[in-house]
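# Structure assessment
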Amino acid sequence: MRLRSVRGVRLLDGTVTDLQVVDGRISANPAPGADDGVDVDATGWRVLPSAVEPHAHLDKALTAPRVDPAAGNDLSAAIAQWKALVAGIDAADIAERALAAVRRYVANGITAIRSHVDVPESGDPMRGIDALVAVREQLRGRVTLQVCMLAGHGTPDAVLAEAAARGVDVIGGCPHIAPDPRRETARMLDLAERLDLPVDLHADEQTGLPPEDAGLDIVDLAEQVIARGLQQRVTASHCVRLGMLPPDRLERVLELAARAGLGIVTLPITNLYLQGRDATHAVPRGIAAVRQILDAAVPLAAGADNLRDPFNPAGRADPFETTSLLMTAAHLRPQEALAAVTTGARTVLGLPPAGTAPGSAADLVLVPDGDLGDVLAGAVDARVVVSGGRVVADTRTARAVDLPGRVGPDLAPPPLSDVR
């Protein structure tokens, strides 16, 4: 269903208004003579920008039933478990699970996803790349999918070049687990420069700190970006070790990141699962220093990372699971948490603005017009998801509870009705 207008909907600032949609964008005025699209009465609903998953692994998603459910993996154990598992996985398997995962993301309000995808050492190294590029094309016009090649330090240069030529959108890698992280970072930046593609590197995904003279992954990345004068968008994902730095050292690191124009992606649920398992007490949280990142004016995005696989056996593919964790574990304010999965994530990924402002892409999520805190806590089930002015998901739930008290608005949203 394509929308022409959304009437009587409440904005984030509390005002109630009508939104006009023209050619997939919010317009200040309806298009003259427009007769396509549906006008809906959204009285009793609130509208938010649709969410973004800035860091997924769709090739790994939903493989948790294939591994030992009792295993508690740290990063190294999860990598080993995945390497054993991927040997028996083909392109069709990857594509099927990726689409199943995307359905979950979209139903929960996500209309843009960046997915990292491995270049496996066993079997056809291109099978993941080819599968996700094909999925991206299937989704075109409904969901924005950026395919980010995730190179390993053992992947030959020729294989990386071929993988990049298969149609990836972003160059990625994991220098933080390479024998020579600086050299691996340089290799990824060389490839990105040749192809004029954005870069997204896993960085500092450990809670232990190196000595001052050893440096951090994000420091090396920022220094190389500045030295090269890179104009492409460069992202550092995870950055868990930033949460371990003392204030004076952290301030210097973030000032450098800001000068380099880096964006940072924090991934609370997966890093809470993977990190800190070797601690006997005072267990580290495994979350980047998000408050200080925001204070330093470094663009911040937040996501879930893995979805029910060796790196994270849990997860709902829900941006409001992420906002809940950002508020409880990272102490962000509600509006800051919401921005990290919406406007901030779009900035980091280089996506055009979306939301309710005229000229913005009509990528929206409508939720019952109750307490916004319930939404950010993940307590609201009903969601209507719009991508480019098209309704791509509509979820309503029926709930009966035999207890005293009235049914709240989060349990009984009004119908979203066609009023044309």
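All of the points below concern the structure found in this document. Within each chain, residues carry numbers counting from 1 in the order of the written sequence. Only residues with pLDDT of at least 70 are given local features in this predicted model, and only at 80 or more are side-chain atom pairs given and counted; all residues enter the totals for whole chains, interfaces and linings. Note that water and hydrogens are dropped before the side-chain values are worked out from all heavy atoms of the structure.

## Overview of the overall build of the protein chain
Within the protein chain, the regular secondary structure consists of 13 helices and 17 strands. In this description the radius of gyration comes from C-alpha coordinates, and the expected globular size is given by 2.2 Å times residues to the power 0.38. At 22 Å, the protein chain has a C-alpha radius of gyration in line with the 22 Å of a compact globule built from 420 residues. Burial status follows relative accessibility: with a 1.4 Å probe on protein chains alone, a residue under 20% of its type maximum counts as buried, one over 50% as exposed, and anything between as partly exposed. A burial count over the protein chain gives 55% of its 420 residues as buried. Pairs at least 24 apart in sequence give 76% of the contacts found in the protein chain among residues at least 6 apart. In this tally, Lys and Arg are treated as positive and Asp and Glu as negative; His is ignored, and so are the chain termini. For this purpose, a charge sits on NZ of Lys, CZ of Arg, CG of Asp or CD of Glu. Positive and negative side-chain charges of the protein chain, numbering 41 and 54 respectively, have mean locations separated by a distance of 3 Å. Only DSSP runs of H or I with at least four residues qualify as helices, and only runs of E with at least two residues qualify as strands; both kinds are numbered from the N terminus onward. What makes two residues a contact is simply this: any of their non-hydrogen atoms within 4.5 Å.

## A short note on the nonpolar core
Among buried residues, the Ala, Val, Leu, Ile, Met, Phe, Trp, Tyr and Cys ones that are joined through side-chain atoms within 4.5 Å form a nonpolar core. Formed by 100 residues in total, the largest nonpolar core has its most connected members in Tyr 105, Met 149, Ile 171, Ile 218, Leu 242, Leu 262 and Ile 264. At eight residues, helix 2 (residues 91–107) tops the list of elements feeding residues into this core. Apart from the residues lying within four places of it in its own chain, the contact partners of Met 149 are Val 117, Val 119, Ile 129, Leu 160, Ala 163, Ala 164, Val 168, Val 170, Ile 171, Gly 172, Gly 173 and Leu 191.

## Focus: the side chain of Lys 60
Tracing the backbone through its elements, the reader meets Lys 60 in the loop between strand 6 (51–56) and helix 1 (75–86). A relative accessible area of 3% places Lys 60 in the buried class. We call two N or O atoms a polar contact when they sit within 3.5 Å, provided that within protein one can donate a hydrogen and the other can accept it, with sequence-adjacent residues counted only if both atoms are side-chain atoms. One polar contact links Lys 60 to Asp 118, side chain to side chain, over a distance of 2.8 Å. Ignoring any residue separated from it by four or fewer positions in sequence, one finds Lys 60 in contact with Trp 82, Arg 97, Asp 118, Leu 150, Asn 306, Asp 309 and Phe 311.

## Quick look at the pattern of salt bridges
Each reported salt bridge corresponds to a side-chain nitrogen of Lys or Arg within 4 Å of a carboxyl oxygen of Asp or Glu. Tallying each qualifying case throughout the model produces 30 salt bridges. Of the charged contacts, one joins Asp 39 and Arg 4 as a salt bridge, the two residues approaching to 2.7 Å between their closest N and O atoms. A residue pair is termed long-range when its members are at least 10 positions apart, and Asp 39 in strand 4 (residues 38–41) and Arg 4 in strand 1 (residues 3–10) qualify at 35 residues. The residue Arg 66 makes a salt bridge to Asp 93 at a minimum N-O spacing of 2.7 Å. In this pair, Arg 66 is assigned in the loop between strand 6 and helix 1 and Asp 93 in helix 2, connecting sequence segments 27 residues apart. Here the salt bridges do not stand alone but share partners, grouping Arg 136, Glu 137, Arg 140 and Asp 169 into one network.

## Quick word on the packing of helix 10 (residues 319–328) against helix 11 (residues 334–341)
Two quantities define a packed helix pair, namely the angle between the axes and the distance from one axis to the other. Here an axis means a line fitted to C-alpha atoms, over the contact stretch when the element is a helix, while the angle between two N-to-C directions is reported on a 0 to 180 degree scale. Across the interface, helix 10 lies against helix 11 with an axial gap of 9 Å and an inter-helix angle of 140°. With respect to helix 11, the axis of helix 10 lies oblique. The way helix 10 lies across helix 11 gives a crossing that is right-handed. From helix 10, Pro 319, Phe 320, Thr 322, Thr 323, Leu 326 and Met 327 reach across to helix 11, where they touch Pro 334, Ala 337, Leu 338, Ala 340 and Val 341. When the residues that make up the contact of helix 10 with helix 11 are grouped by side-chain class, the tally is nine nonpolar, two polar and no charged. Each angle receives one of four descriptions, namely roughly parallel if under 35 degrees, roughly antiparallel if over 145, roughly perpendicular if within 65 to 115, and oblique otherwise. Crossings are classed by handedness, with left-handed meaning an anticlockwise turn of the near helix from the far one by less than a right angle and right-handed meaning a clockwise turn. Each residue gets one label: Ala, Val, Leu, Ile, Met, Phe, Trp, Tyr, Cys and Pro are nonpolar, Asp, Glu, Lys and Arg are charged, and the others, such as Gly, are polar.

## Points about the sheet that holds strand 11 (residues 234–238)
Pairing between strands requires that DSSP locate at least two bridges from one strand to the other. Pairing is parallel in the open sheet, where eight strands are placed in the order 6-7-8-9-10-11-12-13. Every other strand in the sheet has two partners, leaving strand 6 and strand 13 (300–302) as the edge strands with one partner each. Adjacent strand axes in the sheet meet at a mean angle of 20°, parallel and antiparallel pairs treated alike. Direction of pairing for strand 8 (residues 144–151) relative to strand 9 (residues 170–173): parallel, over a ladder of four bridges. Across the sheet, the residue bridging to Cys 148 is Val 170, located in strand 9.

## Thoughts on helix 5 (residues 181–195)
Expected helix span is given by 1.5 Å per residue-to-residue step, counting one fewer step than there are residues. Taking 1.5 Å as the rise per residue, helix 5 with 15 residues should run 21 Å; its terminal C-alpha atoms sit 21 Å apart, in good agreement. Inspection of helix 5 places Glu 184, Thr 185, Ala 186, Arg 187, Met 188, Leu 189, Leu 191 and Ala 192 among the buried residues, and these make up the whole buried set. Backbone geometry just downstream of helix 5 places Asp 196 in the positive-phi region, at approximately 55°.

## Details of the environment of Asn 29
Here Asn 29 is to be found in the loop between strand 3 (25–27) and strand 4. Taking relative accessible area as the criterion, Asn 29 reaches 53% and is therefore assigned exposed. Taking the C-alpha atoms as reference, Asn 29 lies 52 Å from Thr 207; in sequence the two are 178 residues apart. The contact partners of Asn 29, leaving out residues within four places of it in the chain, are Gln 20 and Val 22.

## Notes on the packing of aromatic side chains
Whether two aromatic rings pair depends on their centres lying within 6.5 Å, for rings of Phe, Tyr and Trp, where Trp uses its six-membered ring; planes under 30 degrees apart make the pair stacked, over 60 edge-to-face, and the rest tilted. Applying the stated rule across the entire model yields zero aromatic pairs. Arg 277 extends its terminal NZ or CZ atom over the ring of Tyr 273, reaching a point 4.5 Å from the ring centre. Over a ring means this: the NZ of a Lys or the CZ of an Arg is within 6 Å of the ring centre and within 35 degrees of the ring normal.

## Section: unusual backbone geometry
Even without a glycine there, the phi angle at Ala 282 is positive, about 45°. The residue Ala 282 is located in the loop between helix 8 (268–274) and helix 9 (290–295) in this model. The class for Ala 282 is exposed, based on a relative accessible area of 71%. Unlike most non-glycine residues, Arg 308 shows phi in positive territory, near 50°.

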